[in-house]
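What follows is the residue order along each chain.
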Amino acid sequence: MKKTLNIRQAIAKDSIELQECMELAYASYKDRMEGKRLPPMDVNYSDEIRDYPSWVAVSDNKVVGGLFMMFENEYASIANIAIHPDFQGQGLGGGLMKFAETKAKDKGYSELRLATHILLFENVSLYLHLGWIEIDRDEVRVYMKKVI
């Protein structure tokens, strides 16, 4: 059954649920990462919500996803985006990506960028499917952009 989703600006009291959601979203990569934690697992979400443009995806009054953006001089960036495992595969991640594109366009940007860990190959595949292109990579990250 497809679950309903509401996207709203994150507020301080979302931080605990958002932390739990992010932990669960990134936990599936634990074995592949050989014990290393991805940076979004170790941030203080109260600080992130306070310091960066951030939104939560909510279903039945529960935080099931999050989006953090940065608005640079030349382009907007998705700093972190994740969906709770119970809600993955239902188009919610794509919905959050479209939401990010809209936010960037509304602020006058024509380019959106992100970086994902090189071992998260399914993320790279998803982003390519959504119209992103790879612009660079190093030992740790794949850098991508999308003209919007």
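Residues numbered from 1 in each chain as written. Predicted model: local features only at pLDDT ≥ 70, side-chain atom pairs only at ≥ 80, totals over all residues. Heavy atoms only, no water.

(A) The arrangement of the environment of valine 64 in detail. Checked against the element boundaries, valine 64 lands in strand S3 (residues 62–71). On the basis of relative accessibility, which here comes to 0%, the residue valine 64 falls in the buried class. With 58 residues separating them along the chain, valine 64 and asparagine 6 place their C-alpha atoms 9.8 Å apart. Once residues within four sequence positions are removed from consideration, valine 64 is found in contact with Leu5, Cys21, Ala57, Val58, Ser59, Ala82, Ile83, His84 and Phe87. (Helix = DSSP H or I, 4+ residues; strand = E, 2+ residues; numbered from the N terminus. Buried < 20%, exposed > 50% of the residue type's maximum accessible area, 1.4 Å probe, protein only. Contact = heavy atoms within 4.5 Å.)

(B) Seen up close, helix H4 (residues 121–129). For H4, the complete set of buried residues consists of Asn123, Val124 and Tyr127. Mapping the buried residues of H4 onto a view down its axis gives an arc of 100°, with all of them on the same face. Facing away from the buried side of H4 by more than 90 degrees, the exposed set consists of Phe121 and His129. Against strand S4 (76–83), helix H3 (92–106), strand S5 (111–117) and strand S7 (141–147) lie the buried residues of H4. Positive phi appears at glycine 131, one or two residues downstream of H4, with a value of about 95°. (Arc of directions from axis to C-beta.)

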